[in-house]
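Architecture and fold: a report
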Amino acid sequence: MPASQTPVDQAGPLFTPISINNLALKNRIFKAPTMEAMADEDGAPSKKLIRFFKRTASGGSGLMITGLTYVDDTGKGYVAQNGIHADRLIPRWKELTDEVHAAGGKIVMQISHAGRLADPRVLDGGKAKAPSAMPNLMYLHWARSLTEREIRAIIRDFGEAAGRVKAAGFDGVEIHSSGGYLLASFLSPLTNRRKDDWGGDAHRRFRIFEEIYGRVRQAVGQDFPVLAKLHLGDFLLLGRPWPANYQAGLRMQALGVDAIEFAIGVQENITITFAKGGMPIEVVGDHLSRMHRQYWKAIALCYTPFTKVTGPYFAHAARELKRRGLTVPLLLSGGIRRFSEAEHAITSGTADLVGMSRPLLREPNLPQRWMSGHHDDSTCVSCNRCTLGLVNATPIQCSYREESPSKRRP
Ligand SMILES: Cc1cc2nc3c(=O)[nH]c(=O)nc-3n(C[C@H](O)[C@H](O)[C@H](O)COP(=O)(O)O)c2cc1C
């Protein structure tokens, strides 16, 4: 039989179904969350974003997770970032989920508060907010610490946002608690220096997540998939995850979280942590001062020896999470470029789903190609030019110069 006619059940373990709560997925490949920078001024999805997800759904990913989407204006982190901060946005998002479903896809929204990591251009001259006063070493500004009242408002905002996610037809919601954004910075002993009910020990650092989860579950009900993206560490100790944060993953599971994705690292060290690869500062727009640009260049130089991608770089942490007792579906991403790596992550029990972010920007139909028996590697070179969408507020895309193979027919 020609490879192009390989039936799904012969396509191997990557193409076996799995469920997250009541959500049945046709295969084990997910599009990892990737900030799209395709929102209009109100944070609503643009036509371009709808086309982007429709194309990715048609490419065969079993599940897609949106990029971080703010739950309230005060949690916005990027120019052109999407939001789910008001009921008026529900019909616009419904248009997107309808198109995705018509294309055979499933989509979960990642809801987020940027916290300390907000780009100064969205702060309107105000200060970013964090558990404790702390610098942002990428944009060189200081965040101030949140008041008790503000923390309560954020918990409420997450709950209300989750209700909108469900009303807009999404297949699930993911609470973003990694990458150094607000909830991750509560989990981190380095950035959470509070001594009140929200910090001081691992239990209290976890408390904001626990309360948010309660509100989210109340808003969406027991049958709706609630995922979490867990922060395993800031990477300051040579990339070693913190034992307390493995424990936080197990506590998420005990609360009732239906699946766990995870990452290590914060925005300041993104190119040696969760989006390992190049730091293309030569193509950053001119909103940065000359001094600031020199500063980024110096950082890039220091990072260079540690940016090479040689396979799934968080597999060790996935194995450790499972060894410690995680049984809900575990979503692994980071550095997966080969069919054999993706398949091995599933057959070895390292993960239950394997995700890709940058490879699917370059070639949205990679899952379909692999399913049809064409197992060539992704041609993503992890140059990170795609991350420019975040800093330059331009729609996310692969801009590596060589011709993308996406036109290749599976
Ligand atoms: C441009 C870009 C934007 C990203 N945006 C998000 C995001 O919004 N939320 C998130 O949890 N992770 C985000 N990530 C991390 C990815 O989900 C993924 O974990 C990481 O890129 C490693 O996977 P890869 O090697 O397949 O690209 C982003 C990564 C990139 C490169």
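Small disclaimer: the values here were computed from a predicted structure and weren't measured. (Residues numbered from 1 in each chain as written. Predicted model: local features only at pLDDT ≥ 70, side-chain atom pairs only at ≥ 80, totals over all residues.)

Observations regarding the overall build of the protein
Here is the rule we go by: What counts as a helix is a DSSP run of H or I of at least four residues, what counts as a strand is a run of E of at least two, and both are numbered from the N terminus. Just to be clear, the radius of gyration here is over C-alpha atoms, and the globule rule we use is 2.2 Å times residues to the power 0.38. The burial criterion counts other C-beta atoms lying within 10 Å of a residue's C-beta, which is placed from the backbone; the residue is buried at 20 or more, exposed at 12 or fewer, and partly exposed between these limits. Note that contacts rest on C-beta atoms placed from the backbone: two residues are in contact if these are within 7 Å.
Across its full length, the protein holds 12 helices and 14 strands. Computed over C-alpha atoms, the radius of gyration of the protein comes to 20 Å, within 12% of the 22 Å expected from 2.2 N^0.38 for 410 residues, which places it in the range of a compact globule. Overall size of the protein, expressed as C-alpha extent along the three principal axes, is 65 × 50 × 45 Å. Taken over 410 residues, the protein has a buried fraction of 52%. Looking at the protein alone, contacts between residues at least 24 apart form 72% of all its contacts between residues at least 6 apart.

Considerations on the site of the ligand
Under the convention used in this document: For each residue, a C-beta position is placed from the backbone atoms; the residue is near a molecule or strand when that point lies within 6 Å of it. Under the convention adopted here, Pro, Cys and the residues Ala, Val, Leu, Ile, Met, Phe, Trp and Tyr are nonpolar, Asp, Glu, Lys and Arg are charged, and Gly plus all remaining residues are polar.
Taken together, the neighbourhood of the ligand is formed by 27 residues, with Ala32, Pro33, Gly67, Ser357 and Arg358 sitting nearest. When contributions to the shell around the ligand are tallied by element, the ones reaching two or more residues are α10 (358-362) and α12 (388-392). For the shell around the ligand, the residue count by class is 13 nonpolar, 12 polar and two charged.

A closer look at the packing of helix α5 (residues 202-220) against helix α6 (residues 243-255)
Operational definition: Angles run from 0 to 180 degrees between N-to-C directions of axes, and those axes are lines fitted to C-alpha atoms, restricted for helices to the stretch in contact. The cut-offs work like this: below 35 degrees is roughly parallel, past 145 is roughly antiparallel, 65 to 115 is roughly perpendicular, and the gaps in between are oblique. In this scheme the handedness of a crossing depends on how the near helix is turned from the far one: anticlockwise by less than a right angle means left-handed, clockwise means right-handed.
At a minimum axis distance of 11 Å, the contact between α5 and α6 shows a crossing angle of 30 degrees. One way to sum up the angle between α5 and α6 is to call them roughly parallel. As α5 packs across α6, the resulting crossing turns out to be right-handed. Along the contact surface, α5 presents Ala202, Phe206, Glu210 and Tyr213, while α6 presents Ala244, Gln247, Ala248, Arg251 and Leu255. For the contact of α5 with α6, a count of residues per class yields six nonpolar, one polar and two charged.

Some remarks on helix α8 (residues 315-323)
Inclusion rule: Think of it as the arc spanned by the lines of direction from the helix axis to the C-beta atoms.
Listed as buried for α8 are Ala315, Ala317, Ala318 and Leu321. The buried side chains of α8 occupy one side of the element, clustering within an arc of 160 degrees when seen end-on. Check the buried side of α8 and you find it contacts α6, β12 (259-263), β13 (330-333) and α9 (339-347).

Describing the pairing of β13
To be explicit about the condition: Only strands that DSSP links by at least two bridges are regarded as paired with each other. If you view a crossover with the strands going away from you and the path from the first strand over the helix to the second runs clockwise, you call it right-handed.
Burial along β13 is two-sided: the face carrying Leu330 and Leu332 and the face carrying Leu331 and Ser333 are both buried. Here β13 pairs with strand β14 (residues 353-356) via three bridges, running parallel. If you follow Leu332 over to β14, its bridge partner there is Val354. A crossover connection joins β13 to the parallel β14 through α9; in handedness this β-α-β unit is right-handed.

What about the confidence of the model for the protein?
Our working rule: Confidence of the predictor at the level of single residues is captured by pLDDT, which takes values from 0 to 100.
Mean pLDDT over the protein works out to 93, with 95% of the residues at or above the 70 mark. Contacts for the low-pLDDT stretch residues 1-5, under 50 throughout, to residues beyond four places or in other chains number six contacts.

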